[in-house]
Structures are given as C-alpha cells and as structure tokens.
Number of protein chains: 2
Amino acid sequence: MIKVPGRKRVVITNVQPVIDEGQFPAKAIQCSPVTISADVFTDGHDEILVQIWIRHSTEKRWQQHPMVFENNDHWTYTFEPAFAGIYEFRIKAWTDAFRSWQKGLMKKWEAGMDIDVEIRNGIAIVQERSEQLKGSNRKDLQRWIREMETAMGTEQQLRLIHDTQLSAIMLQPELTDIPCTECKTYQLEADRQRALFSTWYELFPRSAGAGGKHGTFKDVAALIPSIRHMGFDVLYLPPVHPIGREKRKGKNNALIATETDPGSPWAIGAREGGHKSLHPELGSMKDFKQLVKTAVKHDMEIALDIALQCAPDHPYVKEHPEWFRWRADGTVQHAENPPKKYEDILPFDFESEAWESLWEELKSIFLFWIDAGVKIFRVDNPHTKSFYFWQWLIREIKNEHPDVLFLAEAFTRPRLMEQLAKAGFSQSYTYFTWRNTKEEIETYMKELSSAPLRNFFRPNFWPNTPDILPPFLSDGKENAHLIRLLLAATLSSSYGIYGPLFELGESTPVSGKEEYTDNEKYEIRQWQRDTYTKIREVLIRINRIRQQHTALQQYTDIHFLPVNNDQILAYYKTSADGSDTMIVVVNLDPFHPREATVTLPASIAGRQYHFAVHDLLSGDRYDWHTGENYVRLNPYDLPAHILHLQ
Amino acid sequence: MIKVPGRKRVVITNVQPVIDEGQFPAKAIQCSPVTISADVFTDGHDEILVQIWIRHSTEKRWQQHPMVFENNDHWTYTFEPAFAGIYEFRIKAWTDAFRSWQKGLMKKWEAGMDIDVEIRNGIAIVQERSEQLKGSNRKDLQRWIREMETAMGTEQQLRLIHDTQLSAIMLQPELTDIPCTECKTYQLEADRQRALFSTWYELFPRSAGAGGKHGTFKDVAALIPSIRHMGFDVLYLPPVHPIGREKRKGKNNALIATETDPGSPWAIGAREGGHKSLHPELGSMKDFKQLVKTAVKHDMEIALDIALQCAPDHPYVKEHPEWFRWRADGTVQHAENPPKKYEDILPFDFESEAWESLWEELKSIFLFWIDAGVKIFRVDNPHTKSFYFWQWLIREIKNEHPDVLFLAEAFTRPRLMEQLAKAGFSQSYTYFTWRNTKEEIETYMKELSSAPLRNFFRPNFWPNTPDILPPFLSDGKENAHLIRLLLAATLSSSYGIYGPLFELGESTPVSGKEEYTDNEKYEIRQWQRDTYTKIREVLIRINRIRQQHTALQQYTDIHFLPVNNDQILAYYKTSADGSDTMIVVVNLDPFHPREATVTLPASIAGRQYHFAVHDLLSGDRYDWHTGENYVRLNPYDLPAHILHLQ
C-alpha cells in the first residue's frame, strides 16, 4: 500500500547533464572541467548534505565528494575527468540534523536567547550518533560529550560546538541510518581533447600523384609536412577500398563510365575485396601503415572514411545475400530517394533477420582499421543506417578503444543529426555550410552552445566539402573563402576544409548546382599545391592563432556583441580558466568594405574602461574600451579582426 | 554482447508532456483537449507509422490511435479525457514498408520511370503480409494480389494500389512481426474542470455572527447566497477544529492570550478533540454537513483548510508521542525558524520511525472530511511536510476519489513550490501577490504558461490573504484593490480573495508590516458585509464576465501586447476552441490616469484590420484595428478595459 520510502525527506531533481532520461551519456572532455548539477532540497528549514558519488566505469570504488550550494536550491560539482571513457555518477542527499542544530543554536545565541536546552539537544544528537559508531569515531564523540558536559561556561561550549573533528565525524552521513535520497545512476563520457579541438584537412589520395599518375599513399605521406605546416592535425581520406566496376559512374557523375574512369571511392568493393581491402593503385597495407606513422611523426592523425554500403560487385553481395534487400526481378535493391536512383550503391538491410551477423561484420571493419593504426573515423551518411546500430557499435568500439573518435557526416533533418550525436558520435557535420547571414549564424551558434545540444552535439564546421560548393564561395571567390574560413575557425573549435581546392580558391560550380565541376569524386585531378595564395597565408595564420589561444579551443563560451551593421558579426570567447579572451569581428560581405561600432559590455573578462587589443591576423594594435568601438573591414584586405584582449 | 534490439529502426524521443522522466503524471483537464507529442523518425527515407496507445488506469483495454505528423519529425495526438483520474499512454512506431512502396512507386510513375518491377515488389510485400494473417484479412489480400496480377494496364494497377481496403489491412502493423519501437508508459492525470477554473472566497466563520457573538456554520450558510451572488464558486474556511489552550496567542499575535481570546484556528487540537473534531462554538457535525449541502444547492463548494500540525494540548501528543520530536528538557519540539519561535504549534516528525502509522492517520483525516462532503482541501504550509508524503497521500486519496482537489498554500522557494505541484497538488498559491510591475507580471505569466510549469503547476492568484496585506493594496486603497482584482481574475483562471476585507477595501496594516491589523486569525471581527462598495460592484461584474467567457477560463493561451507605456499592461487570451477572444488592458498605476497605444498583431484570432470590441466592464464599445490603438485609463474611474473581440 505504501510504496514510496517513508522517512526520507530530501528531493533530488533536474540532474544535469542528462540526455533523454539517461539513455545516453552526456559528453565531456578529458582533463577539462565539467559541471554536474542538480536541484536538491528538503521540506522545512533543515540543512541538507549533498554528495556526488562518481567513478570511472572501470573502477570498483566510488569517489565521494560534497556538492557545492550555488543558489535557489541548486548544487554543483565540477571536476576534470582524468581518463577517457565512461564515468558513472549519482547524487545522494540527507537531512543534516547536526548542522541544522549548529546553525539554529548560533542564531538563537546571537539573538540573545537561552541556549541551555539547545546544547542538551545537541549532546543528544551526538550521543545517538556515537551509539551507531565503533572504534575511534565513537571514542572521539564520547570524549566530546564529556567535554561539553563539563565545559566551563558558554564561551567554551561554543568553541566545542565548532570543533572540526566533531564536524568531520558528524558530517559523514553514510556512517548512520539517516534516510538517504539517491538519484539513479547516470553516465558521462569523456573523450580526449581532439574530440573538441581539431583542425581537419580532406584530400583525395587519387589526386596526390604527379604527371597524370594515380596518387598513392606514398604521395600522400609526402604531402604531410606541408599540410602540417598549414596547421592541420587531422588528415581525412575518402574511402581507400577497391572501387566497384558494375554500374560505375563516369566523370561528372555520368551514368556510364569509360574504360579509364576510376569511379567513386564511395562505391565500395570489387573482386579485389571490400571494406577491409585497399584500392590496389593506392598502395599496400604496408604503405597505408607507413602513412599513418608519418602522420603521427608530424603530430597528425589519419581519419578514415567508412561508408557502410557496397558496390554491386562487392564480395559481400555474393557471400551474404541475406544482408541486402532483394527486388522482385532478382536484383539487389540499390540506394534511392525516389525518383533519384543511386545504382552504383547498395545499402545494407538493417531490418534483415540476419542483423546480428551483419552488425558483427560491420564492427569488424572498424576494428580492422583500428588495428592498422586509425583512431578517427569519418562516417559517411550515418543517418541512412539504424540509430540503434550506431549506439551499439560506438559503445562496443569505445569500450575497448576509448580514444577512438567518430565524425558523423549527416546533412539531414535536425532530430536525426541530434540522434546520431546522442548515439555516440564524437563530432558532427553541421548546417554552418549554409548559414551566411548574421542572424543565421548567431541563432545557430546559440543553439549549439546551449543545453541540451552542448551536452552531446560537438560541431565540426566545414566551409566546403567534395559534395558542397556553397554559392557564397563560388560567387564571392577569394574574399568569400577568407570570410568562411575565419568564421569556421573561430566560431567552432573543430573545423575542416576540403583541399587543395579551398586554399587554391578553386570554385567553379556545375552550372546551376552547389557542386564542384570535374569533381574528384569521379576523376583524378592534379593540382599546383604549392602555388602561393592569400587564402593559404590566412589559413596558416588563423590555425597558429587557434593553437596558441585556448579561448578558440572551445565553442560553448561564446557571446555575441551588439553591432550597428547587419553585415558585421562580432563575438568574444573566453577559455574555461578565464586566462584567454579573444574578440572576433568579421565583415560578412565579400564585396564591400563595411564599418560599424561594436559595443563591448561594461565588463569583459574582468576588464573595464580602456585596454589594449592585438589583432593577431594583421599584427595591428588598438586601444579598445567598454562601450562603442569603431571598426572598418575591407574584404579585399582582411575581412576580420582576430583580437587578443591584453 | 548485443543488448539493443536489432531489427527495429524507429526512434521515439522527446515525449511530452512528461514530468521528471515520468516520475509524476502531467496534468490535464477532463473534457478539455490535451496534446501528447513526440519526435519520431527512422533512418533513411522510409515512411513510418506512429500510434499512441492510451487507457484510463481503470480500463484493461488500450485504445489505439494514429498520431498526426506535424513537421520536423514531430507527431501529435490530441484528445479530451472523458473521465477524471490517471490515464496511461505509450507511443509505438514502425517502419511502414507498404506506404514507403506506395509513395516511391507514385513518384517514379510521375517521373515517367518504368514501374514494372516496383509493382512486383509491392505484390511481394502484400504476399508476405497475407502469409502472416488468417481469415478474411488473408483472403482480401490474396484477392487483391490476383486482381493486381491480372490487371489490364497501369491505370487499373494504380487504382488497385490505392485500394482503401488494402491500406486498411496493411496499415495495421500489430498484425505483423515488423520490429516495433515503444517508449515507456507515462501517466497523465485528468482533473475535473474546477481544478483549472475556480473563483475562491475565504472567510473566517468565527466572524460570521452578529451582535458580538462567535459565528457559526449556520451563520456561514446564511451568507452563501450573497457570496454566490458575487460570483464565487468555492468558499474556503480556515481550520474548523478545536483550538489549543496551551501557549495560545492573543490579539495581534500577542504571546499571552487573555481569558476571552479565541486563539488561532491553525493551533489545532484541545481536550475537545483534534483534526477530526469541530470547534464547539462553530456548531455540530450536523451543522457542518448542512453547510456543505447549502453550498452545493447554490452551486458552490466548501474548501476546508487542513493544517497538519498540533497545538500542545492536541490529543495526538499524549496518544502518539512517537510522532513528535522531543527536546532534551522533555518538551515537544515546537515549530521554529530560528530565532523565530512558534510555541503554539508542534510539527509532526516526518523522520519518525513510526512514519507509517503517522501517514495512515493523516490520510484518515482527509478521508474523514471527504466523508462529510468536502471535495476541496486547501493545505496549509505543505512545504514544511515531506514531499514524498504528499505524493503518496494525494495519490491514495485520488485513487478512490478522483474528484478531490488540493490547493497548496506554499509561499516559499520556486523549486519547493514546483515539487508540491509535481507531487500532486491540483492548484498552487503563487508569487502573484508580490508581482506588481509590468515586467514582473509578464515574466511570471510567461513562466507559468510555458512548459515545463504549464504541465503540472496550476496557479491560483490571491491579491490578499489573512497572512498578507501587500503594501500595494494598503497604499493604493480602493484603486489598488480594483487593479489587483482585475489582474488576478483575468491573468489566472483560478483566483481568490480574503473577504469581506477585500471587497470592503479594509486595508489597515500592522505598522511597518505586510499584515492586516486586528487580524481575524487571533480575534473575532464583525463586518458590515452588505455595505455597497465599488470593489464589490466590479467583483460581481468581472466574475460574471469570467463565467461567460471561456477565454478567461484558462491561463496558458495568453499573449502580451506591445504598449508604449510601462504603467499599462495589455494581453489577450483565446479559448481552446478559438471561439472566444478577450483583450485586457490594465493601468497598473493606482494614482494617475495613464494613456498609451496598444499594438495589436497583424492577425488576432483570425481578424484583421477593423473590428468592434465591447468593454464588458464599462459597457462601452470601440472600433479597434490591427496596429496601434489609443487607450486612456483613469484608476479613479475604471482601471481596465475588459474587451470582448466581436
């Protein structure tokens, strides 16, 4: 009949960060502060004690820490996860008769009231506790009672009431049978820092060669020093597997390929093998492993593209017909979004009754490449595969390899993108690619940097990709590239470009489309990679600034500033430890110089009135101050100020 | 190793309304629409089917209804609970191969593509389903297949594809083994309409008499017609139990009572009895029951005040010493908030080891009065009793008596007030009593009318109470009373006044305090209840308007309007069925006439440009229009327009 626990009185509610009732772990970064909070309170006026119990999932023992009262019944605990992986936590709380007594007694004493009975009440509380204890704790409490009873006058009694040893014993509620309230156990996942702060460069290995030859892993390895010099730390390669011959696409996505067309790297699998094989023209497994080592030597990582789909001649189709959906004419169902058809690509059937063997095989693909040294995967179109599969896969992989990261390449509806992030993807592609106006950018950044998204969705901003050449870039040419680069690199802590087209300013679209013409997806291109461009120069500078300024290594502490011109966007960011503040001002118009006043708040990063700012992009120094500051930005010169607050 | 279910692909998330992960039921109103919603989606491009399963907790069978797609993967289901009590619901969803096929086929056909294989795919889908079925469903599907196979040309095939009987069978996913996603079961509690729309009048029965005599239930019964005439439907009485003699308080809260002082009704219990007894001077149980009957006859209800606390001479103290906390000097711990003492009141000890017998006894108090005809309880200071106790008590009572309502008299911190509402209180006292400025009122109303609060916290606005005489009233006198009355009555669907002081404009404070002097809490007062006052006149009018206009019988559909004067507040409300719209404009300044323009949006309740409004308070009619409308409000005349949009 009575189902709720009777004597407990403390309520714990609104525990944060919690995703979907705890179905998914919230995300944190190793060695960076993360705050767990809750509203905790009891009826009436009694004091309460609030603890957090926390442990890494590989630990047996819980660590117990007091939570800190903030205001309005809100309690917090901030810590820095020492390790990557899953942490478990729960909150426990008790009414605190001892401290309620201490406080009440002091208030009465200060009001000049008789505290004799109060003192005897306190002795009774301590007596009761001592009877529940053993050993030295018990002895200490009993000694305290004797001292209290024989104390000479109120002065001495008040001193005894605040005895630190007494408090230390009395404030350990777990030593007693005081009714305890406990929330359920939630999880928090800590990733290594690159999950939050990373700078990506994408290139097609097939185009890394010279003299019209098919590029190889060795060619890519030779490019690594210059890519590192530009300031990138992740080199991301489109799929490196054998490319299907059946239904192969030709140049510019032609339905029929010629004899020499190399096909799309995303049409995976041929007689040479599937997802665990290498495209022979790129090189051997030894070459691939050597590339991974070269990257590591230059403090970079290789990110591999995993596209869970098959060309019609992928070995899986014959070996595991049960993993595909078959049509009435005896062919395998190809990918489609009617009336569009993608006949060179066969999706897996995630409703297959053989789902267990399918899942295990797909997992083994990731493990295969982890074994070859890969620690970052960029997953192609994850939103066309089962969300439950990703949740399982990523957990399975990270349980063994907590340092592995996954980037979700999903350009789709908001709820699906969010679900992938909840399911475990460490980073996500975003709508940044199409957010150009001041209002669009501010609105989107506020959404990304606030709860609930900030607790699980880490953005990676891409101004361009092999699939997307936004009109802003093709219309605005070099100036537009600079604007989008500087926005991506300073709004988000992770961003990437598809090169060398980006730094070369190459931006010829297929007529009427948001796509690059003569796309490397369907043919081998060769580039004058060492041509000097202003875009590369700015790229090197901004990446160096990002490396040196921790304010730019996060995206959640961002504040937009009032500017009296809709073409100028301004914001500032401060690092978690408060030591670094950057103010960024960008002219969003690639065609005209724009001027405005930027209004700084009364206090910014603890500074008031006048202070010096150093434009790390141009090298110029200015005197700025709270209130209005004049700016003029010429996109033909530099479209932004990247100001370090001194 | 694989723990998540494999073949299912649909995700159900963000189910609303859900309170604290489903720990508490969200609240709804009997026979009023309530919308349940969720984000539901699958990977890829397949169509999905989304159902809600719902039942009253007393029913065995689940009702199944399709949910409606709104936008952005958001699905809703709106229904009107037929009964009071707990409803259970859960959402189920499936991928819908049949409709995916139908849609894909039509798109291909419209694009001029060959659909021969598609038709054969569809026949295969129907064939597979037919094999899972029995009886007439199976026969119908097989007949459809024969017709499809022998159809003469595409025209006939397309007609067959949209056969309604076919769809009816194919769209019943529960007939098959298609993997189903199901959210957990949540609860929704429907209360009768008075939980949302009620008009309260509080009076002290002790002051209902004449000629200096102690008032009785019979005196109160005689007042009912006039209270009903003023437009009230709930008559709320402070505690009616025997009043303690020990530590009894005298007039104006004097520490020592004289022989004739009646004491505070909240100091409950004496030798005549406790919470199940009546104060002898008020009358007998028969008189009380007669009062309840008189109220019902006039379409009113009696709300009883339950204060779970004891005077020192309450019989419980001797009979159940285990329910109290004892001090070192052998006395029972009285209520206190150090250094304040309330020596005439003993709280129960909710940490008592005898909590079960305590809870059962307290429950029996409510059952006792329910048995005497009471269906509404105003609970005194519930935030000083265990939240878990309330959760248990209210559920226990309402399981047997779903029409019983509870009003929480808690003026305390926000989280505690919210927790009481979550725990089951049907209505709550609010901060309205101290929200006077335009910004304060707008902010507070927005909070109350938005999620999460709107899902569980129903406000009851009180301009005054026996404990609180706000300075706004005592300073602004009659004008201020009118302003606060009209605000309370039109912002919130439930409101109440403490009379007859309110309608008489009696507002003499204890010097320097927000309290009435010569408070009825400590003495018998007698009033010229039939004196004509402007306040009573406006009260009668506004209560009649509330009765006739459904827009004012709810508080969640409220929209504040731009006004170019901070002393004038304007808002409009529309009833759920859209048939009734009221615009309210209030001058918040009790001392000066104020003028302003009120800006109406481009479309208000479907009306544009010019329309007539009828001021139901003054009887005046105006032509208003979208855009700016001039108002001038003189608080010495009428401080508000209550405009019905015609």
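Cut-offs applied
Residues numbered from 1 in each chain as written. Chains lettered and ligands numbered in written order. Predicted model: local features only at pLDDT ≥ 70, side-chain atom pairs only at ≥ 80, totals over all residues. Heavy atoms only, no water. UniProt positions renumbered as here; feature names shortened; annotations may be inferred. Helix = DSSP H or I, 4+ residues; strand = E, 2+ residues; numbered from the N terminus. Buried < 20%, exposed > 50% of the residue type's maximum accessible area, 1.4 Å probe, protein only. Contact = heavy atoms within 4.5 Å. Areas by Shrake-Rupley, 256 points an atom, 1.4 Å probe, with all protein chains shown as cover. Phe/Tyr/Trp six-rings, centres within 6.5 Å; stacked < 30°, edge-to-face > 60°. Lys NZ or Arg CZ within 6 Å of the ring centre and 35° of its normal. Expected span 1.5 Å × (residues − 1). Least-squares fit on C-alpha atoms with pLDDT ≥ 70 in both. Salt bridge = Lys/Arg side-chain N within 4 Å of Asp/Glu carboxyl O. Polar contact = N/O pair within 3.5 Å; in protein donor to acceptor, adjacent residues only side chain to side chain. Domains from an automatic or database assignment. Buried area = accessible area lost by both parts, 1.4 Å probe. Axes fitted to C-alpha atoms, helices over the stretch in contact; angles between N-to-C directions. Parallel < 35°, antiparallel > 145°, perpendicular 65-115°, else oblique. Left-handed = near helix turned anticlockwise from the far one by under 90°. Nonpolar A, V, L, I, M, F, W, Y, C, P; charged D, E, K, R; others polar. Pairing = 2+ DSSP bridges. Lys, Arg positive; Asp, Glu negative; His and termini not counted.

An unreviewed UniProt entry lists chain A under the name Alpha-1,4-glucan:maltose-1-phosphate maltosyltransferase, with Rurimicrobium arvi given as the organism. Its UniProt record gives chain A the following Sequence similarities (unreviewed entry) comment, quoted word for word: "Belongs to the glycosyl hydrolase 13 family. GlgE subfamily." The record in UniProt for chain A states the following under Catalytic activity (unreviewed entry): "alpha-maltose 1-phosphate + [(1->4)-alpha-D-glucosyl](n) = [(1->4)-alpha-D-glucosyl](n+2) + phosphate".

**Focus: the overall build of chain A**
For chain A, the helix and strand inventory stands at 15 helices and 29 strands. Based on the C-alpha atoms only, the size of chain A along its principal axes is roughly 105 × 65 × 45 Å. Taking all 646 residues of chain A together, the buried fraction comes to 60%. Sequence separation of at least 24 residues holds for 75% of the intrachain contacts in chain A that already meet a minimum separation of 6. Per element, the accessible surface of chain A, about 26000 Å² overall, is 49% carbon and sulfur.

**Here we look at the packing of aromatic side chains**
Per the counting criterion, the structure on display carries 74 aromatic pairs over all chains. Where Trp355(A) meets Trp359(A), the ring centres are 4.9 Å apart and the plane angle is 70 degrees; that geometry is what we call edge-to-face. One end of the pair is Trp355(A) and the other is Trp359(A), both in helix H9 (residues 355–371) and four residues apart, which spans about a single turn. Here Trp355(A) and Trp359(A) have matching classes, each one buried. Note on Phe204(B) and Tyr498(B): the rings are 5.9 Å apart at their centroids and 65 degrees apart in plane angle, and the pair reads as edge-to-face. Taken together, the residues span a long stretch of sequence, with Phe204(B) in the loop between strand E11 (198–202) and helix H6 (217–229) and Tyr498(B) in strand E21 (residues 494–498) at a distance of 294 residues. Exposure class is identical for Phe204(B) and Tyr498(B). Each is buried. Between the NZ or CZ atom of Arg484(A) and the centre of the ring of Phe432(A), over which it lies, the distance is 4.0 Å. When the ring centre of Trp62(B) is taken as origin, the NZ or CZ atom of Arg90(B), which lies over that ring, is 4.3 Å away.

**Here we look at the UniProt feature "binding site: alpha-maltose 1-phosphate" (unreviewed entry) in chain A**
Residues and elements named next belong to chain A. Feature annotation in UniProt assigns "binding site: alpha-maltose 1-phosphate" (unreviewed entry) to the following positions: Lys249, Gln309, Asp344, Asn381, Lys521 and Tyr522. You can see Lys249 is positioned in the loop between strand E12 (234–237) and helix H7 (285–297). Taking the relative accessible area as the measure of exposure, Lys249 reaches 9% and is therefore buried. For Asp344, a relative accessible area of 6% corresponds to the buried category. Beyond its immediate stretch of four places on either side in the chain, Asp344 contacts Lys247, Lys249, Ala267, Cys310, Ala311 and Pro312.

**Describing helix H1 (residues 97–110) of chain B**
With 14 residues, H1(B) extends 20 Å from end C-alpha to end C-alpha; this agrees with the ideal 20 Å at 1.5 Å per step. As for H1(B), its buried residues are in contact with strand E15 (335–337) of chain A together with helix H2 (116–132), helix H3 (135–149), helix H4 (154–161) and helix H5 (164–170) of chain B. Downstream of H1(B) by a residue or two, Gly112(B) has a phi angle that is positive, lying close to 80 degrees.

**Things to note about the relation of the copies chain B and chain A**
Superposing chain B onto chain A requires a rotation of 180 degrees together with a translation of 0.0 Å along the rotation axis, leaving an RMSD of 0.0 Å. The transformation just described matches what one would write down for a two-fold rotation axis. Among all C-alpha atoms of chain B, that of Glu21(B) lies closest to the rotation axis, at 2.9 Å. Here 100% of the interface residues in chain B have copies in chain A that are interface residues too; the copies meet face to matching face.

**Notes on the interface of chain B and chain A**
Across the contact, 72 residues belong to chain B and 72 residues belong to chain A. Taken together, the connections running from chain B to chain A amount to 10 salt bridges. For Asp73(B), the salt bridge goes to Arg413(A), with nearest N and O atoms at 2.7 Å. Viewed at the interface, chain A and chain B are joined by 26 residue pairs in polar contact (both at pLDDT 80 or more). Where the side of chain B that touches chain A is concerned, the elements lending two or more residues are strand E1 (11–16), strand E3 (34–41), H1, H2, strand E15 (335–337), helix H9 (355–371), helix H10 (387–400) and helix H11 (414–423) of chain B.

**A few points about the domain arrangement of chain A**
All names here are of chain A. We note that the domain assignment places domain 1 (10–96 + 178–190), domain 2 (98–170), domain 3 (200–549) and domain 4 (558–645) within chain A. A separation of 30 Å is found between the C-alpha centroids of domain 1 and domain 2. The partner domain 2 presents five residues to the six residues of domain 1 that form the contact. Counting each side, the surface lost to burial between domain 1 and domain 2 is near 490 Å², with a carbon and sulfur contribution of 33%. Considering only the side of domain 1, the residues that lose the most area to domain 2 are Glu47, Asp96 and Ile178, jointly responsible for 82% of the buried surface there. There are two salt bridges connecting domain 1 and domain 2.

**Re the environment of Val613(A)**
All names here are of chain A. Here Val613 shows up in strand E26 (residues 610–615). Sequence separation between Val613 and Ile583 is 30 residues; the distance between their C-alpha atoms is 8.6 Å. Beyond its immediate sequence surroundings of up to four residues, Val613 is in contact with Asp620, Arg621, Tyr622, Trp624, Leu643, His644, Leu645 and Gln646.

**A closer look at the packing of H1(B) against H2(B)**
All names here are of chain B. Interaxial distance between H1 and H2 falls to 10 Å at its minimum, and their mutual angle equals 165 degrees. With respect to their mutual orientation, H1 and H2 come out roughly antiparallel. The two elements H1 and H2 cross, and the hand of that crossing is left-handed. Note on element contacts: H2 touches H1 through Glu118, Ile119, Asn121, Gly122 and Ile125, opposite Ala97, Trp101, Leu105 and Lys108. Residue classes in the contact of H1 with H2 are distributed as five nonpolar, two polar and two charged.

**Overview of the sheet that holds E12(A)**
Residue and element names in this part refer to chain A. As summarised here, the arrangement of the seven strands in space is E20-E19-E18-E13-E12-E11-E21, forming an open sheet in which the pairing is parallel. The sheet terminates laterally at strand E20 (427–428) and strand E21 (494–498), the two strands that pair on one side only. Examined bridge by bridge, strand E18 (residues 376–380) and strand E19 (residues 405–409) share five bridges and lie parallel to one another. By the bridge assignment for E19, Ile376 is matched with Leu405. The strands touched by H7 are E12 and strand E13 (301–306); relative to E13, the strand with the most contacts, the crossing angle is about 135 degrees.

**Re the side chain of Arg536(B)**
Residue and element names in this part refer to chain B. Examined against the element boundaries, Arg536 turns out to sit in helix H15 (residues 534–548). Glu503 provides the closest opposite charge to the buried, salt-bridge-free Arg536, at an N-O distance of 4.2 Å. In this structure the side chain of Arg536 is engaged in a polar contact, spanning 2.5 Å, whose partner is the backbone oxygen of Thr531. Setting aside chain neighbours within four positions, we find Arg536 in contact with Met230, Glu503, Arg529, Asp530 and Thr531.

**Overview of the pairing of E26(A)**
Residue and element names in this part refer to chain A. Bridge count for E26 against strand E27 (residues 621–625) is five bridges, and the pairing is antiparallel. The residue bridging His610 from the neighbouring strand is His625, located in E27. Hairpin connection, E26 to E27: the antiparallel pair is bridged by five residues, and Gly619 has positive phi, about 90 degrees. With three bridges joining them, E26 and strand E29 (residues 640–645) adopt antiparallel strand pairing. Its bridge partner being in E29, His614 is matched across the sheet by His644.

**Notes on the sheet that holds strand E12 (residues 234–237) of chain B**
Residue and element names in this part refer to chain B. The sheet built from seven strands is open, its strands ordered E20-E19-E18-E13-E12-E11-E21 with parallel pairing. With partners counted over all chains shown, the strands left at the sheet margins are strand E20 (427–428) and E21, one partner each. As judged from the two bridges shared by strand E19 (residues 405–409) and E20, these two strands associate in the parallel manner. What sits directly across from Ala408, in E20, is Ser428.

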